[in-house]
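Below, each chain spelled out in residue letters.
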Amino acid sequence: MVCCRPCPRLCSRSSAYTLALGLGFVTLGTSRILLLKFSANAENKYDFLPASVNLLAEAFKLLFCLVMSLRVIVREGRSCKELGCSSGHSFLSFLKWSVPAFLYFLDNLIIFYVMTYLQPAMTVLFSNFVILTTAVLFRLVLKRRLSWVQWAALVILFLSIVSLTTGSGGSQQSIAMPGIHSSPLSTPSNSCLLYTQLLEQMRNSSASESWVSSLPGQAWRDKMVEKLRSLGVGHVLLLLQCFISSMANIYNEKILKEGEQLTESIFIQNSKLYAFGLVFNGLTLGLGREARGLTLHCGLLHGHNIYSLGLVLVTAALGLSVAFILKFRDNMFHVLTGQVTTVLVTTLSLFLFDFRPSLDFFLQAPVVLLAIFVYNASRPKDPEYSLQQEKLRVINGEVFERSRGDGEELQRLTKPNTDSESEEESF
């Protein structure tokens, strides 16, 4: 195409895929935050079990990846044993996926409780702390280089988020919004009504309270809860989620791309990941006494509404988009693209959730976004990362036209790296 000659990089299939991934991730991420708010009841709590949303989402992702994996195996003439554990070595490789699956399980569960404490706009703004945790793990686990300017930008980012957290930057606490909530899709059965009434009586009974208070260490736990409340439960949970999320994404990217896994189908890899995710969320519903009772007497869809069912589909699609980003891009693309979500959610919160930011918010929030821009603009060239990305393009048939099929691209990829960067410029 003649129009693509002046800027072949913008017209390449790789650039189109990157743009599609970014737009899809932003759209799904924004939709998820909104649906988390809309699916809550008038008291800003959830009538359904949050683990049921994650369980259904994991089931949808696993089913999709299994179908695509079978398609890949049939097309390439491989054995279906590759999906299972045919040997001790393959079983150990299979177990590796349990680590990110467990971290994602915690991440997807914590966000429900964060949204009950904080406004959506404050949630997405404070969640930028994940850039700091991801950058540190990026350096420690994946050995990626960060320049001094990037470290300075991260310090500014951290101080700005702390200032927003402790300052008066708008109404931070989440409030229930009447008129936007949907009623449950199904009417509870008599068995369900009896069980929920019994459960409510047990919660309110004075005997139960005195029994709990007599447990060893309960006074210490009560003090810890009060301390967390004084610090802000929403902020503490969000910091915990940022750390868990960055660990999950870093570890997932590492095993997605290490060794022979770089050339493995993403659908086969994700089938193993989502199988563990299904197990962890299923155990949450099965081992918890209250959750197990509600599931048995009222069903898995108890308390669900039209928004929560939409949340299931959006959560599943968002998980798949993150997997593609980690496989074909990287973690920093993931967290930096999420800043568009921050802007969109903050803007929508002004109209949908009665979010009234103060002057402090308008002064401090741009500093967060500016620090993120400086971090991204001062990103040093990483020869190892560039080499890995070129290998992915070759594997997927997306080599640049300049190679002309004469082996130039392959020679460039296999050529030893001679570029070096001084320790004074980056570490």
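Predicted model, so just to flag it, every value in this text is computed and none were measured. (Residues numbered from 1 in each chain as written. Predicted model: local features only at pLDDT ≥ 70, side-chain atom pairs only at ≥ 80, totals over all residues. Heavy atoms only, no water.)

Q: Looking at this structure, how should I read the overall build of the protein chain?
A: Per the secondary structure count, the protein chain includes 19 helices and zero strands. Burial analysis of the protein chain (427 residues in total) assigns 45% to the buried set. A sequence separation of at least 24 residues applies to 86% of the contacts in the protein chain between residues at least 6 apart. Of the roughly 22400 Å² that the protein chain leaves accessible, carbon and sulfur atoms contribute 65%. (Helix = DSSP H or I, 4+ residues; strand = E, 2+ residues; numbered from the N terminus. Buried < 20%, exposed > 50% of the residue type's maximum accessible area, 1.4 Å probe, protein only. Contact = heavy atoms within 4.5 Å. Areas by Shrake-Rupley, 256 points an atom, 1.4 Å probe, with all protein chains shown as cover.)

Q: I keep staring at the state of the cysteines and nothing clicks. Help me out?
A: Covalently bonding the sulfur atom of one cysteine to the sulfur atom of another cysteine gives a disulfide. Applying the stated criterion to the full structure yields one disulfide. Each sulfur of the disulfide joining C192 and C298 lies 2.0 Å from the other. Measuring handedness by torsion sign, the sulfur bridge of C192 and C298 sits at about 95 degrees and is right-handed. Pair noted here: C192 is in helix α9 (residues 190-204) and C298 is in helix α14 (residues 289-298), with a separation of 106 residues, a long-range link. For the pair formed by C192 and C298, the shared burial category is buried. (Disulfide = S-S within 2.5 Å.)

Q: For this particular structure, what's the right way to read helix α16 (residues 331-352)?
A: Since there are 3.6 residues in each turn of an α-helix, residues three or four apart along the chain are aligned in direction. Between its first and last C-alpha, α16 extends 31 Å over 22 residues, near the 32 Å set by a 1.5 Å rise per residue. Just beyond α16, the residue with positive phi is D354, at close to 55 degrees. (Expected span 1.5 Å × (residues − 1).)

Q: Quick question: what am I supposed to make of the nonpolar core here?
A: Nonpolar side chains in soluble globular proteins tend to end up buried together. If you look at the biggest cluster of nonpolar residues, it comprises 83 residues, and the most contacted ones within it are F112, I131, L154 and L157. Looking at this core, the element that brings in the most residues is helix α5 (residues 98-115), giving 10 residues. With residues near it in sequence (within four places) discarded, L154 still touches I131, L132, A135, L146 and Y375. Counting residues in hydrophobic clusters, the runner-up holds five residues, among them Y195, L199, L294 and C298. (Core = buried A, V, L, I, M, F, W, Y, C linked by side-chain atoms within 4.5 Å.)

Q: Just checking my understanding: could you explain empty space enclosed by the protein for this structure?
A: Once rolled over the atoms, a probe with the size of a water molecule shows which space is left empty. Enumeration according to the criterion identifies one cavity of 30 Å³ or more in this entry. One number sums up the size of the largest cavity: a volume of about 810 Å³. The wall of the largest cavity is formed by 36 residues, among which F25, R32, D107, S245 and H334 lie closest to the centre. Counting residues per element, the ones that place at least two in the lining of the largest cavity are α2 (13-38), α3 (50-76), α5, α6 (120-126), α12 (233-257), α13 (266-287), α15 (306-328) and α16. (1 Å grid on protein atoms, 1.4 Å probe; cavity = no way out; pocket = protein on both sides within 12 Å on 5 of 7 lines; lining within 4 Å. Points joined across faces, edges and corners; volume = space filled by probe spheres on them.)

Q: Looking at this structure, I do not really get the packing of aromatic side chains. What am I missing?
A: Aromatic ring pairs are described here by two measures, namely the spacing of the ring centres and the angle between the planes. Going through the model one piece at a time under the given rule, you end up with 11 aromatic pairs. Judged by centre distance (5.3 Å) and plane angle (55 degrees), the rings of Y46 and F48 are tilted. Taken individually, Y46 and F48 each receive the classification buried, so the pair is uniform in this respect. Aromatic pair F102 and F280: ring centres 5.4 Å apart, planes at 70 degrees, arrangement edge-to-face. Taken together, the residues span a long stretch of sequence, with F102 in helix α5 and F280 in helix α13 at a distance of 178 residues. Here the aromatic residues F64, F267, F324 and F328 are joined through ring pairs into a cluster of three or more. (Phe/Tyr/Trp six-rings, centres within 6.5 Å; stacked < 30°, edge-to-face > 60°.)

Q: Help me understand the environment of C298 in this model?
A: On the accessibility criterion, C298 (19% relative accessible area) is buried. Residues contacting C298, with those up to four places away along its chain left out, are C192, T196 and G293.

Geometric descriptors of this kind do not, in isolation, establish any biological role.
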